Structure formats: C-alpha cells, structure tokens
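This is what each chain is made of:
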Amino acid sequence: MTALDKRWLAAGLGLWAILALPPVRSALEATLAGHMVAQIGLLAVAGWWLGRGLGPVPPGEAGGFNRFGATGVVVAVFALIFWMLPVNLDKALLAPVWEAGKFLSVPLLLGLPLARSWPRLPPLARGLLWANAVSMLVVMGWVYREAPVRLCNSYLIDQQLLLGLTLWGLGAVIAAYWTIRAFVGGAPDEGRGAIG
Amino acid sequence: MRTWLASISAAVLGTVALVWATDGGRAFTAETARRLAVSKHAMAVPDLRLQLQTGAQARLRELEGELVVATFIYTRCRTMCPMLGTRMARIRGQLPESAVGSEVRLLSLSFDPARDTPDRLRAYGDRYGAEPASWWVARPRSGLERVLDELGVVVLPDGNGGFRHNAAFYLIDRKGRLVAILDDKRPEAVVRAVEKRL
C-alpha cells in the first residue's frame, strides 16, 4: 500500500466519521436537500475515497465477477435508487436501524463499488452513466417539485421545492461540464480513470 | 459469464430490496406505507385525557364500544383544518342519524392544546355544527406526543407561528384500535368505511 493509498483511505474514513458526528448528522438531515444531496452524496464520496485507498484496480479484481466493472455499477445504481425513495429517507429519520443501514450501505454499496468499477468501465458505458445521471436528476427534480402531496412526512413541502431545484442545479452543472469538455476541452483523457 | 451472473444476481437482489422497501411497489412515501400497515394490522390507540369544547373532562377510552372517526386540527389554522371541519360535517350529515352519537362518535383533536382553550374549541366546533353529544372537539391534557407518534401524525412548525401537518381521517373500532387511515379529501370513503362496521 502506497502513502497515497493510505491518504485516500484516511480521507474516506475521516469523512465517514465526520458525517456520523451527531451535530453534522442533524444539521444535514434538517433539510431534505441536505439529507438527500449533501449527506448521501458525501457518504458516497467517503466510500469512493475508501475505494481509491485500496490502490489501483487490477484487471482481474473480484475473480472475473466484475469484468468491465459491470457488477459494481449495478450494485451502486440500486443502492442509489434505494436511497432516493422518500419512504426510505423518512425511515432513516425515524428508526436508528435504518439510519445505521444508510450509513453503512451508501459508502459500501454505492461509493466503494463505483470507485473499484469505474476505471474498468468502457468509455461508452461511462458516457451512458453520465447521460443517465443528468436525465435522472432532471426527472427526480421535476417529481419533487410537482408532487401534489408531501412525499416525506418529516419535511415541509417547501423543502421539496428546494430539493427539486437542487437536483436540477446538479443536473445542469454536470450537463454544462460535459458540454464544455466535449466541445472546448478537447478529447477526454481516458487514462485519468478515476474521475472522468 | 461470471460477470453476467453476478450482475444479474445483483440486479435481482436490488429489485427485491426495492420491492420490499416499498411494500411491493405500492408505498413510495412513508404516509402510504403507514396506511397500508394499518389496513393489514389494527393498532391499539393509547388512552388520552381530554378536555372537550364544553370544558368537561373525558377520556378517549370512554369511547370504547363506539366507532370513532378522528382527525387532528388546531383552531388557528386557516388552510387545512377548516376543510377538515367541513368534511367532518359532511361525514356527520351522511351517516345514519340513528347511529351518530350512539354508535359513532366524531372527534376533532387539537394538537395545539396550549392555545386551544375550550372557548376556541367550541368556536371551531360551532362553525361546523358540532354538537358535543356526537362530535367532540377536544384538546388532550396528556399523552399527545405518543398518540401523534403512534398514529403517524406529523406536526411541524411552519415558521409563522402555525403548523404544517398531514391530514387524514382515522377510524378507530369499538375495541379502541386504529383500523384505517383514510384520505382526508374523500369523506364519502370514510362514510362507507363506517357504514361497513355498523
């Protein structure tokens, strides 16, 4: 394990621990956007950093069960969908076992498998995932903004409008980034692997 | 091949988890999950000490043996609670006259007991024709938090001195058990649910 790996591991564990601190937890969970976008997003980042801390991804990792990173991406996508459902966010706020489940599953089933699988993904699959991420953010944002009922019992309806706006903003940033990169920044650097 | 198998297994497990967490794809929100759970298993409602619009003291348990249609309000509310009052009055009007007050009791319960004095409760009740013999407009004197928790009523301050809350009609059977949480916008469904149990 290199010094850099250790630093990624420490960063991942550190972020995970900070997010679990009661004041940080309650501050992020006070708003719906903070809960779904900031907390779950940062938990996924913590898992991603842990994944990077495990070192470079060898081609034969996971004994051939994760060729092209397919299995890891499937696991991550389901973990993401699971924690975007309003009913599960409410359960996490009301039941400690669901909260613990969220704190374990988002880093370990979303961030970490994505970090180990992303470098193995073919460029086309990466593009597909980015494009899908944009459309999913736009659709989810629209669902939260237009829902005629309160989706999360624990949050007021104006929180839904804010979350919708946040999801749209995130989608717009990703779309703008890739548009600029595609038309202005030249060809994407596939060797960088971990991010793009 | 192994990757295919692993990916498909992960997708199957993921789908199972999603189906499980949403009650078979029926409950994407906590509110629907709660309604489904109650419709499957009746739930004992904790007793409450109440003060009625007449000023008299009462207990929720006294209503055992009757069907109770309950809803939660606060009298200063200008949005949802007046509608709940109107709809409760509609339910009252559509129920068989012989059953109201003897077999069925209506209950508008305040979740703002500090401000909702008997005078205010009476004024609210009078607006919708609530006769105390058949329709209690009451404030709890203890145990409010527990009842709100167990019935899944969420009350949040709205930042302007009022509250935001989820609205529904709660049907309590003769044994004092919550047997249905019904849509507040469909009073006729509440009437049908009560009539089925008369």
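Below you will find a few notes about this structure. Everything numeric in this text was worked out from a predicted model, so none of it was measured. (Residues numbered from 1 in each chain as written. Chains lettered and ligands numbered in written order. Predicted model: local features only at pLDDT ≥ 70, side-chain atom pairs only at ≥ 80, totals over all residues. Heavy atoms only, no water.)

Considerations on the overall build of chain B
What chain B contains, in helices and strands, is 6 helices and 10 strands. In terms of principal-axis extent, the alpha carbons of chain B reach across some 75 × 40 × 25 Å. When burial is assessed residue by residue, chain B has 52% of its 198 residues classed as buried. Here the analysis covers contacts within chain B between residues at least 6 apart in sequence; of these, 70% occur between residues at least 24 apart. (Helix = DSSP H or I, 4+ residues; strand = E, 2+ residues; numbered from the N terminus. Buried < 20%, exposed > 50% of the residue type's maximum accessible area, 1.4 Å probe, protein only. Contact = heavy atoms within 4.5 Å.)

Topic: the side chain of S105 of chain A
Residues and elements named next belong to chain A. Position of S105 among the secondary structure elements: in helix α6 (residues 96-117). Assessed through its relative accessible area of 14%, S105 is described here as buried. Only 2.9 Å separates the side chain of S105 from the side chain of W83, close enough to count as a polar contact. (Polar contact = N/O pair within 3.5 Å; in protein donor to acceptor, adjacent residues only side chain to side chain.)

Quick word on helix α8 (residues 157-183) of chain A
The end-to-end C-alpha distance of α8 of chain A is 39 Å, a good match for the 39 Å that 27 residues give at a rise of 1.5 Å each. Burial in α8 of chain A covers these residues: Q159, Q160, L163, G164, L167, G171, I174 and R181 of chain A. (Expected span 1.5 Å × (residues − 1).)

So, helix α3 (residues 80-94) of chain B
Note that an α-helix has 3.6 residues per turn; residues three or four places apart therefore point the same way. For α3 of chain B, built from 15 residues, the straight-helix expectation of 21 Å at 1.5 Å per residue is met to within 8% by its first-to-last C-alpha distance of 21 Å. Listed as buried for α3 of chain B are C81, L84, G85, R87, M88, I91 and R92 of chain B.

Quick word on the interface of chain A and chain B
Much of the literature gives interface size as the accessible area that the parts lose upon coming together. Tallying the contact residues gives 26 residues for chain A and 26 residues for chain B. Together chain A and chain B conceal approximately 2,100 Å² of surface at their shared face, both sides included; 68% is due to carbon and sulfur atoms. In terms of surface lost to chain B, no three residues of chain A exceed F78, N153 and L156 of chain A, which account for 28% of the buried area on that side. Counting across the interface, chain A meets chain B through 0 salt bridges. (Buried area = accessible area lost by both parts, 1.4 Å probe. Salt bridge = Lys/Arg side-chain N within 4 Å of Asp/Glu carboxyl O.)

Comments concerning unusual backbone geometry
What is expected of a backbone is that most residues other than glycine have negative phi and most peptide bonds are trans. In this model, F68 of chain A sits at a positive phi of 60 degrees, which is unusual for a non-glycine residue. Mapping F68 of chain A onto the fold places it in the loop between α3 (32-53) and α4 (70-82). Located in the positive-phi region is D23 of chain B, a residue other than glycine, with phi close to 55 degrees.

Details of the pairing of strand β5 (residues 104-110) of chain B
Residue and element names in this part refer to chain B. Most of β5 is tucked away, with 7 of its 7 residues classed as buried. Side chains of β5 alternate between two faces, with V104, L106, S108 and S110 and R105, L107 and L109 buried alike. Taken together, the 7 bridges between strand β4 (residues 67-73) and β5 define a ladder with parallel strand orientation. Bridge pairing in β5 places T71 opposite S108. Between the parallel pair β4 and β5, the chain is carried across by α3, and the sense of this crossover is right-handed. Of the pairings in the sheet, the one linking β5 to strand β6 (residues 135-142) comprises 4 bridges and is parallel in character. Within β6, the position partnered with L106 by the bridge is W135. The handedness of the β5 to β6 crossover, carried by helix α4 (residues 118-127), is right-handed. (Pairing = 2+ DSSP bridges. Right-handed = clockwise from strand over helix to strand, strands pointing away.)

Focus: the pairing of strand β9 (residues 168-172) of chain B
Residues and elements named next belong to chain B. Judged by how many residues are buried, β9 sits mostly within the fold: 5 of 5 residues are covered. Going residue by residue along β9, you find A168, Y170 and I172 tucked away on one face and F169 and L171 tucked away on the opposite face as well. Direction of pairing for β4 relative to β9: antiparallel, over a ladder of 3 bridges. In the strand pairing of β9, A70 is matched with Y170.

Describing the nonpolar core
If you look at the biggest cluster of nonpolar residues, it comprises 57 residues, and the most contacted ones within it are V69, F72 and Y170 of chain B. Examining the composition of this core, we find that 6 residues originate from one element, β4 of chain B, more than from any other. Not counting the four nearest positions on each side in its chain, V69 of chain B is found in contact with M88, V104, R105, L106, L107, F169, Y170, L171, V190 and V194 of chain B. Listed in part, the 42 residues of the second largest apolar core include L15, F78, W83 and L167 of chain A. (Core = buried A, V, L, I, M, F, W, Y, C linked by side-chain atoms within 4.5 Å.)

Topic: the sheet that holds β4 of chain B
Residues and elements named next belong to chain B. The strand order β1-β10-β9-β4-β5-β6-β2-β3 describes an open sheet built from 8 strands, whose pairing is mixed. The strands lining the two open edges of the sheet, one partner per strand, are β1 (43-44) and β3 (57-59). Sheet analysis places strand β2 (residues 49-52) next to β6, joined by 4 bridges and oriented antiparallel. Across the sheet, the residue bridging to L52 is A138, located in β6. Sheet strands in contact with α4 are β2, β4, β5 and β6, and its direction is about 155 degrees off that of β6. (Axes fitted to C-alpha atoms, helices over the stretch in contact; angles between N-to-C directions.)

Here we look at the packing of aromatic side chains
All names here are of chain A. A full pass over the atoms with the stated rule returns 13 aromatic pairs over all chains. With 5.2 Å between their ring centres and 75 degrees between their planes, F82 and W83 make a pair best called edge-to-face. Taken as a pair, F82 and W83 share a single burial class, namely buried. An angle of 50 degrees between the planes, with centres 5.6 Å apart, marks the rings of W130 and W178 as tilted. One end of the pair, W130, is in helix α7 (residues 123-146); the other, W178, is in helix α8, and 48 residues separate them in sequence. For W130, a relative accessible area of 25% puts it in the partly exposed group. (Phe/Tyr/Trp six-rings, centres within 6.5 Å; stacked < 30°, edge-to-face > 60°.)

By themselves these figures say nothing about function.
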